[in-house]
Amino acid sequence: DQQVKQNSPSLSVQEGRISILNCDYTNSMFDYFLWYKKYPAEGPTFLISISSIKDKNEDGRFTVFLNKSAKHLSLHIVPSQPGDSAVYFCAARGSRSNYKLTFGKGTLLTVNP
Amino acid sequence: NAGVMQNPRHLVRRRGQEARLRCSPMKGHSHVYWYRQLPEEGLKFMVYLQKENIIDESGMPKERFSAEFPKEGPSILRIQQVVRGDSAAYFCASSPLNTEAFFGQGTRLTVV
């Protein structure tokens, strides 16, 4: 049972354009959401997070949007750079087990020069 | 301040052997988590430990897998009598409290 879904296995964008990565979740107990970036042969690196009491969080070129009613979040990267090419994982956790992250399968982002 | 250190980075074991994966958390971090990533999958939670205590092992397979985080030394994930299906990347993460966890580079286990 996939509680966190990233339906796009891959995404390709042009340098300088916007990258939009999507994530859906089914567990209404989730109240904190995170995005991780992962390069090959490395561990995931924390990128940005959002609490369920907010609908937007911005950090430089990265913005995460949360639509609680739709159980949907998205990560926007503007402008996209070739160094952003990596696998992006959406993750969620709930208040009852606030240490346990549930990950999606990831989206491979390729930013073409 | 060194990051989360995992070793070995790559481990090859024959079926039936034991695999021992080590994780040294970041300095000052007392919470350790192990995750497993099977091919084409996301990371799956296995176990959460604090020093000398297993807090949550709900993601651990019932048999052959064990984890510890002793008072001194690294956290160890032990897999006995490995099978081909155990081949995966095993990631350790640590945090000071229940905050964002920092991940190590992983150990890639291959069972032949």
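All values derive from a computational prediction rather than experimental measurement. (Residues numbered from 1 in each chain as written. Chains lettered and ligands numbered in written order. Predicted model: local features only at pLDDT ≥ 70, side-chain atom pairs only at ≥ 80, totals over all residues. Heavy atoms only, no water.)

Student: Explanation requested: the layout of surface pockets in the structure shown.
Tutor: A probe matching the size of a water molecule, rolled over the atoms, marks out where space remains unfilled. Estimated volume of the largest pocket: approximately 420 Å³. Surrounding the largest pocket, 20 residues form its lining, Q3, F30, K100, L101 and T102 of chain A being those nearest its centre. For the lining of the largest pocket, the secondary structure elements donating two or more residues are β9 (86-94) and β10 (102-103) of chain A together with β5 (43-50) of chain B. No other element matches the three residues that β5 of chain B contributes to the lining of the largest pocket. Of the residues assigned to the lining of the largest pocket, the class counts are six nonpolar, seven polar and seven charged. (1 Å grid on protein atoms, 1.4 Å probe; cavity = no way out; pocket = protein on both sides within 12 Å on 5 of 7 lines; lining within 4 Å. Points joined across faces, edges and corners; volume = space filled by probe spheres on them. Helix = DSSP H or I, 4+ residues; strand = E, 2+ residues; numbered from the N terminus. Nonpolar A, V, L, I, M, F, W, Y, C, P; charged D, E, K, R; others polar.)

Student: Looking at this model, I keep getting lost on the pairing of strand β3 (residues 19-25) of chain A. Mind explaining?
Tutor: Put simply, side chains in a regular strand alternate between the two faces of the sheet. Residues and elements named next belong to chain A. Of the two faces of β3, only one is covered, namely that formed by S19, L21, C23 and Y25; the face formed by I20, N22 and D24 stays uncovered. Bridge analysis of strand β1 (residues 4-5) against β3 gives two bridges, and the strand direction is antiparallel. Bridging from a neighbouring strand, K5 pairs with D24 of β3. Relative to strand β8 (residues 72-77), β3 is paired through six bridges, and the arrangement is antiparallel. Residue pairing in the sheet places C23 in a bridge with L73 of β8. (Buried < 20%, exposed > 50% of the residue type's maximum accessible area, 1.4 Å probe, protein only. Pairing = 2+ DSSP bridges.)

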